[in-house]
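Structural overview for review
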Amino acid sequence: MTIPLLRMAGICKRFPGVVALDHVTLEVGGGEIVALAGENGAGKSTLMKILGGVYQPDAGSITIEGRDVAIHSVSEAIGLGIGFIHQELNVFDNLDVSENVFLGREPLWGAPLRLVDRQKIRSQTEVLLRRVGLSVPADTPLRKLSLAQRQMVEIAKALSLNARLLIMDEPTSSLTLTETARLIEVTRELRTQGVSIIYISHRLAEIEQLADRTVVLRDGRNAGTLSRGEINHDAIVSLMVGRDLQHFYVPPETAGQTDRVQVRNLRTRRYPAQPASFTVRKGEILGFAGLVGAGRSELAQTMFGVDRAVGGDIVLDNQPLKISSARDAIKHGVYLVPEDRRNTGLILELSICENITLPDLSRYARAGLVARDAEQKRANEMCDKLNVKRPSVGTRAANLSGGNQQKVVLAKWLSLNPKLLIFDEPTRGIDVGAKAEIYQLMRSLANEGVAIMMISSDMEEILGESDRVAVMHEGAITGILERAHCTEEAIMRLAVAIPRAA
Amino acid sequence: MRKELGIFALLVVLCIVVAILNPRFLAPANLQNMARLIGMYGIFSIGIGMVIITGGIDLSVGSVFALLGVILSIMLTQWALPGALAVLAVVAIASGLGLLHGLLVTRVRIQPFIVTLCGLLFYRGLARFIAGDETKGFGSAGGFEKLQNLATGSLFHVPMPFVLMIVIGAVMWVVLHRSVYGRYLFAVGRNEEAARYSGINSRRIIASAYVLSGLMAGIAGVVLAFYTNSISPSSHGSFYELYGIAAAVLGGCSLRGGEGSIIGIVIGAALLQVLQNLVNLLGIPSSLNFAVMGAVILIGVIADQVFERRAAKA
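Because the structure is predicted, anything quoted here is derived from the model rather than measured. (Residues numbered from 1 in each chain as written. Chains lettered and ligands numbered in written order. Predicted model: local features only at pLDDT ≥ 70, side-chain atom pairs only at ≥ 80, totals over all residues.)

What about the overall build of chain A?
In terms of helices and strands, chain A carries 17 helices and 24 strands. The C-alpha extent of chain A, read off along each of the three principal axes, is 70 × 50 × 50 Å. Sorting the 502 residues of chain A into buried and exposed places 46% on the buried side. In chain A, of all internal contacts separated by at least 6 residues, the share reaching a separation of at least 24 is 68%. (Helix = DSSP H or I, 4+ residues; strand = E, 2+ residues; numbered from the N terminus. Buried ≥ 20, exposed ≤ 12 C-beta atoms within 10 Å, placed from the backbone. Contact = placed C-beta atoms within 7 Å.)

Written as structure tokens, this is what we have:
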């Protein structure tokens, strides 16, 4: 038997009050892609932080090519050939690509002056960029690159450090479908170059496509390992949650037919020349698919009033709305669950309670003074209803997991009276259990008659959850598909604006 | 609350130390005079604190004092306006300037530092020009002793400015810590974008903080003018904005916004005055005045950071 590149065995890690890892074992062979799956809190990040030298394990051993190693710091991890591509990229957008790749270890010349050898870093960077398939000049300012391209720069940086093992933590969570496909291609290419990869993702479809092996963690323990042939959606999910999730997506029961919201020739500032028209029926979930940059979020922000509309009308229950600020939208029962939950959905430093009551605080106030009891009572009710796991409603929103944060954003709007709810990437970075809850909630809201728009870059989610799907391309709606006609291919064709049946 | 307790403890310790080193610290006259100054400084520090909570800053306060002092003197001595009217007019002017700052910050989107720095320069220059660079006073005008009472009088032996500060502080405490508006101030200061997404008119909230700062500067400016009784336009009120900022920061306001309390700011203002007093009473050369203040603020902020980190680890 060959010696694996990496073997972590019996890894234990305790934090005050929680056992984060309990005798976890992970092996990665040379040139192998191992997917690491598990719900949030299952211990994936902790395990990877131990490998990356951020945390020290309480027990267990790490061997690299059969040699016992102890990884005390991030730089030791790098020295051992372990590269970490974090979910939030650590790049500097005021520097150019080559400066980013060689930051902190620039080749020098002119000894006493310590000048940067720009020629050398550029030529070396270009070699690396070819390896990751990024065709931009090495002196391109980073701010001109897309998120996906920046990620490639991070990978190039790891490669320049002679990484033999790359840890990719949710690399596709903010990429478009095509960018995701591209990343998967690059990941495969790296494998053929002999680089091993630990791939963490909540998107099970990617794991199916990519992984040679899938290691599933649950509650800090090994829940099971699936080999190439065994990897499929259901098998991963049942290992992750320890049961079969039969009603993961909640398909519509009966499609409503009355129009609740009509949008006519709405033009956003991003795409002023592309009027968008569509209707959302009472009780339906209208999915919005498309590539990132197709103008879906801009459409949502314009309807919610945080972006100014260039023109067009929004009619809700046959009443034309005049929306020029979020206040107006909220007054009319139009709410947005924004994509960037940490920066726009919530105020992280405020408590759960303060976040929930923020939009209609005056309702809990007499003579301008907040009645804290009423406020907390309401927040507790909403949290119970949405199953927000919390020490108390006084807990700061920052201390909650992604899924629970999203539920707080929802609680904020559901304590009002929603007529149209717009979700922008509702389950990004949220674990499977909370995802299922959010889908159920969306569907039950729809059944209560709320019109729902759901922008998503997760194809499974779009296909599983939508009654109809509107597809956008560069600001225009290129087609609206009924559920019966929704296929991944049909959506992709519209998303890249290939005319149907040419 | 913990932050306020920390600085309050520092204040108490400092008072005890000074009292031991020089018992004159506890002399009624000294205490009264100190309370008078604490009141005056406390009022405008509260205003600056509101702006800091929104994530902004107000550098214009000192120059506003000079401008208000000059205008007040002209209104009372040259135009012989009724005292109450003149005071109201001056407070209204200060609030108007605050509104101007607020609009420049929220509508024209100029950084608060720049807006109020320009204010600092502009109002100082304007004050000197209006006064013809001459010292102004109230000497020749009679019949406004009642007004002067605001600065130099007492209520049951408590100096008027201190009483004013307590009243204003109490009102502002309710506004900041109990009202819907106060919650909005903190929300906007923490994350303006998210506040906007929750339907808060964040521009109006931010602008209103500058109006409050202007209003407080107006009230404190009137008190200061009557207190000094002579306004030399090139130096009247200079550096006062920095005392206000220092008081707010010592009292737990974060310059990043979204943090702070009225009690903290008031204690911060008191601490600065005790320090001044300490320099006088302990025979420290008055040239070291600023150095002592700078050092104490720095130590206070460092100590706070250390405690914070300890608390985060525990």
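Comments concerning the overall build of chain B
For chain B, the helix and strand inventory stands at 13 helices and four strands. Taking 2.2 N^0.38 as the reference for a compact globule, 314 residues should give roughly 20 Å; the C-alpha atoms of chain B span a radius of gyration of 19 Å, in line with that estimate. (Rg over C-alpha atoms; globule rule 2.2 N^0.38 Å.)

What about the sheet that holds strand β15 (residues 285-290) of chain A?
All names here are of chain A. On the basis of which strands lie adjacent, the open sheet formed by six strands has the order β18-β21-β22-β15-β23-β24 and mixed pairing. Looking along the sheet, the strands with just one partner apiece sit at the ends: β18 (334-337) and β24 (476-482). Across the sheet, the mean angle from the axis of one strand to that of its neighbour is 20 degrees, orientation sign disregarded. Direction of pairing for strand β23 (residues 468-473) relative to β24: antiparallel, over a ladder of six bridges. Paired with Val471 across the two strands is Gly479, which belongs to β24. Contacts between helix α15 (residues 432-447) and the sheet are confined to β15, β21 (420-424) and β22 (451-455), with β22 contributing the most and set at about 150 degrees to the helix. (Pairing = 2+ DSSP bridges. Axes fitted to C-alpha atoms, helices over the stretch in contact; angles between N-to-C directions.)

What to know about the sheet that holds strand β14 (residues 276-281) of chain A
Residue and element names in this part refer to chain A. Spatial strand order, β14-β13-β16-β17: four strands in an open sheet with antiparallel pairing. Bordering the open sheet on either side are β14 and β17 (319-321), each of which pairs with just one other strand. In this sheet, adjacent strand axes meet at a mean angle of 20 degrees when their direction is disregarded. When strand β13 (residues 259-267) meets β14, the two strands line up antiparallel, connected through five bridges. Paired with Leu266 across the bridge in β14 is Ala276.

Considerations on the interface of chain A and chain B
Listed as interface residues are 22 residues of chain A and, on the opposing side, 18 residues of chain B. Of all elements in the fold, only α10 (326-331), α11 (341-345) and β20 (369-370) of chain A reach the threshold of two or more residues within the side of chain A that touches chain B. The residue makeup of the side of chain A that touches chain B, split by class, is 14 nonpolar, five polar and three charged. (Nonpolar A, V, L, I, M, F, W, Y, C, P; charged D, E, K, R; others polar.)

Some remarks on the pairing of strand β6 (residues 82-85) of chain A
All names here are of chain A. Judged by which residues are buried, β6 turns out to be covered on both faces: Ile82 and Phe84 on one side and Gly83 and Ile85 on the other are all buried. As paired strands, β6 and strand β9 (residues 165-169) are joined by four bridges and run parallel to one another. Paired with Ile85 across the strands is Met168, a residue of β9.

Quick word on the packing of helix α8 (residues 180-190) of chain B against helix α10 (residues 202-228) of chain B
Residues and elements named next belong to chain B. Where α8 contacts α10, the two axes come as close as 10 Å, and the packing angle between them is 105 degrees. By the angle between their axes, α8 is roughly perpendicular relative to α10. Two secondary-structure elements touch here, α8 through Tyr184, Leu185 and Val188 and α10 through Ser202, Ile205, Ile206 and Ala209. Counted by class, the contact of α8 with α10 contains six nonpolar, one polar and no charged residues. (Parallel < 35°, antiparallel > 145°, perpendicular 65-115°, else oblique.)

As for the nonpolar core
By size, the foremost hydrophobic cluster in this structure holds 244 residues, and its most contacted members are Leu166, Tyr199, Ile422, Ile452 and Met453 of chain A together with Ile43 and Val222 of chain B. The element contributing the most residues to this core is α10 of chain B, with 17 residues. The residues contacting Leu166 of chain A, other than those within four sequence positions of it, are Gly83, Ile85, Ile155, Ala158, Leu190, Val195 and Ile197 of chain A. (Core = buried A, V, L, I, M, F, W, Y, C linked by C-beta atoms within 7 Å.)

Here we look at unusual backbone geometry
Residues other than glycine seldom take positive phi values, yet Asn387 of chain A does so here, at roughly 60 degrees. Its location among the elements puts Asn387 of chain A in the loop between α13 (372-386) and α14 (402-414). For Asn387 of chain A, a count of 13 C-beta atoms within 10 Å translates into the label partly exposed. Its identity as a non-glycine residue notwithstanding, Phe156 of chain B has a phi of 50 degrees, on the positive side. In this structure, Phe156 of chain B sits in the loop between β2 (154-155) and β3 (158-159). According to the C-beta neighbour criterion, Phe156 of chain B is exposed, with 5 such atoms within 10 Å.

Quick look at helix α6 (residues 145-152) of chain B
All names here are of chain B. Looking at α6, one finds that the buried residues are Leu147, Leu150 and Ala151. Seen end-on, α6 carries its buried residues on one side only, within an arc spanning 90 degrees. Summarising the geometry of α6, the exposed residues directed more than 90 degrees from the buried face are Glu145 and Lys146. For α6, the elements touching its buried residues are α4 (83-106), α7 (160-178) and α10. (Arc of directions from axis to C-beta.)

A short note on the environment of Ala300 of chain A
Residues and elements named next belong to chain A. In this structure, Ala300 sits in helix α9 (residues 296-303). Look at Ala300 and you get buried, because 22 C-beta atoms sit within 10 Å. Separated by 38 residues in sequence, Ala300 and Pro338 place their C-alpha atoms 8.6 Å apart. Here Ala300 is in contact with Leu336, Ile422, Asp424, Met453 and Ile455, once residues within four sequence places are set aside.

Comments concerning the domain arrangement of chain A
Residue and element names in this part refer to chain A. Once the domains are mapped, chain A shows domain 1 (6-241), domain 2 (247-333 + 417-502) and domain 3 (350-413). On a C-alpha basis, the centroid separation for the pair domain 2 and domain 3 is 26 Å. Residue-level contacts link 11 residues of domain 2 with eight residues of domain 3. In terms of residue class, the side of domain 2 that touches domain 3 is built from eight nonpolar, one polar and two charged. (Domains from an automatic or database assignment.)

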